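# Observations on the model geometry
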Amino acid sequence: MTAPAETLRRVVIATAGHVDHGKTSLIRALTGTDTDRLPDEKRRGISIELGFAELPDAGISFIDVPGHKKLVHAMIAGVGGVDGVLVCVAADDGVMPQTREHLHICKLLDIRGAVVAITKADLVDDEMLELAEADVRSTLEALGIEPSAVVRTAVTDGRGLPEL
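Residues numbered from 1 in each chain as written. Predicted model: local features only at pLDDT ≥ 70, side-chain atom pairs only at ≥ 80, totals over all residues. Heavy atoms only, no water.

This brings us to the pairing of strand E1 (residues 11–16). Two strands pair when backbone bridges link them, and E1 and strand E3 (residues 60–64) are joined in this way by 4 bridges, in the parallel orientation. Following the sheet pairing, Ala 14 is matched in E3 by Ile 63. Pairing of E1 with strand E4 (residues 84–90), which is carried by 4 bridges, proceeds in the parallel orientation. Residue pairing across strands places Ala 14 opposite Val 85, the latter belonging to E4. (Pairing = 2+ DSSP bridges. Helix = DSSP H or I, 4+ residues; strand = E, 2+ residues; numbered from the N terminus.)

Moving on, we get to the pairing of E4. Within E4, 7 of the 7 residues are buried, which leaves it mostly tucked inside the rest of the structure. The sheet contact formed by E4 and strand E5 (residues 114–119) spans 6 bridges and is parallel. Paired with Ala 90 across the two strands is Thr 119, which belongs to E5. With respect to chirality, the unit in which E4 leads through helix H4 (residues 97–108) into the neighbouring parallel E5 is right-handed. (Buried < 20%, exposed > 50% of the residue type's maximum accessible area, 1.4 Å probe, protein only. Right-handed = clockwise from strand over helix to strand, strands pointing away.)

As a further point, take the confidence of the model for the chain. When the pLDDT values of the chain are averaged, the result is 84; 82% of them are 70 or greater. Element-level mean pLDDT values for the chain span from 55 in helix H3 (residues 72–79) up to 97 in strand E6 (residues 149–152). (pLDDT = per-residue confidence, 0-100.)

Going through the model one piece at a time under the given rule, you end up with 6 salt bridges. With its nearest N and O atoms 3.4 Å apart, the salt bridge here joins Asp 34 to Arg 28. For Glu 130, the salt bridge identified is with Arg 152, shortest N-O distance 2.9 Å. Taken together, the residues span a long stretch of sequence, with Glu 130 in helix H5 (residues 126–142) and Arg 152 in strand E6 at a distance of 22 residues. Look at Glu 130 and you get partly exposed, because its relative accessible area is 46%. Residue Arg 152 is classed as partly exposed on the basis of its relative accessible area of 24%. (Salt bridge = Lys/Arg side-chain N within 4 Å of Asp/Glu carboxyl O.)

In the Ramachandran plot, Asp 20 falls in the positive-phi region, its phi being about 65 degrees despite a non-glycine side chain. For Asp 20, the position within the fold is in the loop between E1 and helix H1 (23–31). Positioned with a positive phi, Asp 110 is a non-glycine residue whose angle comes to about 60 degrees.

Of note, Thr 24 is situated in helix H1. Residue classification places Thr 24 among the buried positions, given a relative accessible area of 10%. Apart from the residues within four sequence positions on either side, Thr 24 is in contact with Asp 34, Thr 35, Asp 36, Ser 47 and Asp 64. (Contact = heavy atoms within 4.5 Å.)

Along the chain, the position of Ser 138 falls in helix H5. Classification of Ser 138 as partly exposed rests on a relative accessible area of 42%. Sequence separation between Ser 138 and Val 95 is 43 residues, and the spatial gap between their C-alpha atoms is 9.9 Å.

Once that is clear, we can look at the environment of Leu 86. Mapped onto the fold, Leu 86 is located in strand E4. Looking at Leu 86, the relative accessible area reads 4%, which means it is buried. Through-space distance from the C-alpha of Leu 86 to that of Leu 26 is 9.9 Å; in sequence the pair is 60 residues apart. In this structure, Leu 86 is in contact with Ile 13, Ala 14, Thr 15, Ala 16, Leu 26, Ile 27, Leu 30, Phe 62, Val 115, Ala 117 and Leu 164, ignoring residues within four places of it in sequence.

Pasting the structure below:
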């Protein structure tokens, strides 16, 4: 027998990753919600404040955090108390400085649950995808973070979204 829906625990997942690695686009593709709601975010094309979205039927809430190094304080505010992170690494860039910083923060906060989305998979060939995946896996391993999944995604064609 299952518990009534109102007693089921909601899972809260924060994004993590470098600026322009597709965190907001991925959340929009998964939930239909654009978490960039401020005029400055629209104009600049980057997240400035925390954004929020949900998959109500799945019991998942998302906190979309900024990836810019000057906005790390907002990222820290967003990941406090989450159940896990959705680490976004662009296939055409690999692990970048803010990816590492976000992961170090997650480790300091003892956030162990991680799912990796290799984003922008449509922009590179298979060899580059392999390199991006190896890069993120070795970065996570060095920090003692074991991802529960690594999924190659592309919001342009929907690749990997059902698996994610």
